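Take a look at the letters that make up each chain.
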Amino acid sequence: METIIKLENVTKEFPSKNGTVKAVDNVNLEVKKGEIHGVIGYSGAGKSTLIRCVNLLEKPTSGHVYINGKDMTGLSQEELRKTRQKIGMIFQHFNLLKTASVYDNIAIPLKLLGYDKSEVDERVNKYLEIVDLSSKKNSYPSQLSGGQKQRVAIARALSQEPEVLLSDEATSALDPETTNSILDLLLKINRELGITILLITHEMGVIQKICDHVYVMENGNIIEQGSAIDLFTKPREETTKKFLNTISQRKLSANVISQLQLNGKVCRLTFVGDSTGKPLLSQLSKEFNVEPNILTANIIELKNGIVGNLVIHLIGNEEEINSAIAFLNEQNVGVEELEEN
């Protein structure tokens with residue numbers, strides 16, 4: 001599968017009173033055509049600067065940005081303007097013209113690009129239908145909900161028929177239900193229109209629902225990356241684990257451990273692939289003289305697979321517990337002893 005976005009040793013520096021600040025520090029990433037990639041990090045990690053380097057709204061201090069093999073950093077202003085037409089972008093706060101109707105919010109950029117009236121009309125109506133807002137084309141932004149405003153912004157980005165769609169925290173200002181509807185729309189756009197999507201977020205639920213590949217960013221650096229399934233099953237960095245803890249408990253409080261009188265070992269088991277269908281816990285009690293007590297359980301549905309999680313309390317002598325853990329590892333079950341929070 002061909003690479004459509006490639007960042008090569010990209011650094012972006014800003015001057016400050018105390019010297020130079022590296023908002024993005026020697027970042028490399030590749031996005032394959034037709035995939036959805038997500039960059040997650042806390043506030044100040046450099047995510048927004050990074051995504052603005054992709055379409056050169058921020059010009060990198062050093063490094064190269066390639067779109068479809070074309071080095072964006074070497075283009076003239078006219079060449080850059082033309083290339084940007086194939087890179088759509090949606091923002092957290094919608095950026096709609098308050099005094100223009102929904103129709104005109106989409107039509108005005110097309111008119112400025114020189115499209116004739118019939119082509120403008122065709123595209124506006126087409127993409128309003130895709131985002132399910134045909135009935136609102138004569139409304140104004142003040143008459144729309146937050147989710148509807150974001151749908152207008154998405155239709156506007158799609159109207160130029162881009163190959164790449166950049167999303168800068170597009171759901172962070174929305175409630176959970178509306179967020180899910182926007183993520184469903186992005187999945188539809190990716191699937192039906194074949195548009196490649198690169199998004200930034202601080203919400204692990206966004207990554208969980210729609211991403212094929214994930215980058216974890218901290219202090220301007222990509223500190224961990226991999227497929228969504230890999231990061232959800234085998235996180236290495238503490239920052240990644242903290243994000244995962246927002247949707248699936250990775251630690252137990254001292255209060256819980258005390259109240260449940262949890263002697264022995266408390267472990268988090270991660271099941272993926274063939275291991276999800278095996279009755280492994282019953283085998284532990286039969287073969288190892290270990291009593292597994294289930295404390296919590298959940299299933300995380302990712303775009304390309306399912307991850308099962310169990311937090312269990314293993315009761316027995318240490319040697320038998322260690323043998324049981326070794327058995328689980330042999331069955332491709334991830335085992336992590338939980339720390340006290």
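This text goes with the structure placed above it.
Conventions and cut-offs
Residues numbered from 1 in each chain as written. Predicted model: local features only at pLDDT ≥ 70, side-chain atom pairs only at ≥ 80, totals over all residues. Heavy atoms only, no water. Pairing = 2+ DSSP bridges. Helix = DSSP H or I, 4+ residues; strand = E, 2+ residues; numbered from the N terminus. Salt bridge = Lys/Arg side-chain N within 4 Å of Asp/Glu carboxyl O. Buried < 20%, exposed > 50% of the residue type's maximum accessible area, 1.4 Å probe, protein only. Contact = heavy atoms within 4.5 Å. Axes fitted to C-alpha atoms, helices over the stretch in contact; angles between N-to-C directions. Parallel < 35°, antiparallel > 145°, perpendicular 65-115°, else oblique. Left-handed = near helix turned anticlockwise from the far one by under 90°. Nonpolar A, V, L, I, M, F, W, Y, C, P; charged D, E, K, R; others polar. Expected span 1.5 Å × (residues − 1).

Here we look at the pairing of strand S2 (residues 19-32)
Where strand S1 (residues 3-16) lies against S2, ten bridges are found, and the strand directions are antiparallel. When the bridges of S2 are listed, Glu-13 appears paired with Lys-22. The turn linking S1 back onto S2 is made up of two residues.

What about the pattern of salt bridges?
Under the counting rule described, the total for this entry stands at 13 salt bridges. When the shortest N-O distance is used, the salt bridge between Lys-126 and Glu-161 registers 3.8 Å. Taken together, the positions of Lys-126 in helix H4 (residues 117-130) and Glu-161 in the loop between helix H5 (146-158) and strand S7 (164-168) put the pair 35 residues apart, joining distant regions of the chain. The salt bridge partner of Arg-236 is Glu-224, with a shortest N-O separation of 3.8 Å. Linking Arg-236 in the loop between helix H8 (228-233) and helix H9 (238-245) with Glu-224 in strand S10 (residues 221-227), this pair joins segments that are twelve residues apart in sequence.

Quick look at the environment of Glu-319
Residue placement: Glu-319 occurs in helix H12 (residues 318-330). Along the sequence, Glu-319 and Glu-129 sit 190 residues apart, while their C-alpha atoms lie 63 Å from each other.

Notes on unusual backbone geometry
Both trends apply: most residues other than glycine have a negative phi, and most peptide bonds are in trans. At Asn-26, a position not held by glycine, the phi torsion is positive, near 55 degrees. The residue Asn-26 is located in strand S2 in this model. The exposure class assigned to Asn-26 is partly exposed, which follows from its relative accessible area of 41%. A positive phi angle is found at Glu-169, which is not glycine, with a value near 55 degrees. Residue position: Glu-169 is located in the loop between S7 and helix H6 (176-193). For Glu-169, a relative accessible area of 10% translates into the label buried.

Comments concerning the environment of Lys-149
Along the polypeptide, Lys-149 turns up in helix H5. The class of Lys-149 is partly exposed, set by a relative accessible area of 24%. Counting along the chain gives 184 residues from Lys-149 to Val-333, while the straight-line C-alpha distance between them is 44 Å. Setting aside residues up to four positions removed in sequence, Lys-149 forms contacts with Phe-94, Leu-96, Pro-141 and Leu-144.

A look at the packing of helix H3 (residues 102-112) against H4
Packing of H3 against H4 leaves a shortest axis separation of 10 Å and a crossing angle of 135 degrees. In terms of orientation, H3 and H4 fall into the oblique class. For the pair H3 and H4, the crossing hand works out as right-handed. Counted together, Val-102, Tyr-103, Ile-106, Ala-107, Leu-110 and Lys-111 of H3 and Val-120, Asp-121, Arg-123, Val-124 and Leu-128 of H4 form the full contact between these two elements. Across the contact of H3 with H4, the residue classes break down as eight nonpolar, no polar and three charged.

Here we look at the sheet that holds S10
Here six strands make up an open sheet; going across it, the order is S6-S7-S8-S3-S9-S10 and the pairing mixed. Edge positions in the sheet fall to strand S6 (87-91) and S10, since each of these pairs with one other strand and no more. Adjacent strand axes in the sheet meet at a mean angle of 15 degrees when their direction is disregarded.

A closer look at H4
The end-to-end C-alpha separation of H4 is 20 Å, in line with the 20 Å expected for 14 residues at 1.5 Å each. Along its buried surface, H4 packs onto H3, H5 and H6. Of the residues flanking the end of H4, it is Asp-132, one or two places downstream, whose phi is positive at about 65 degrees.

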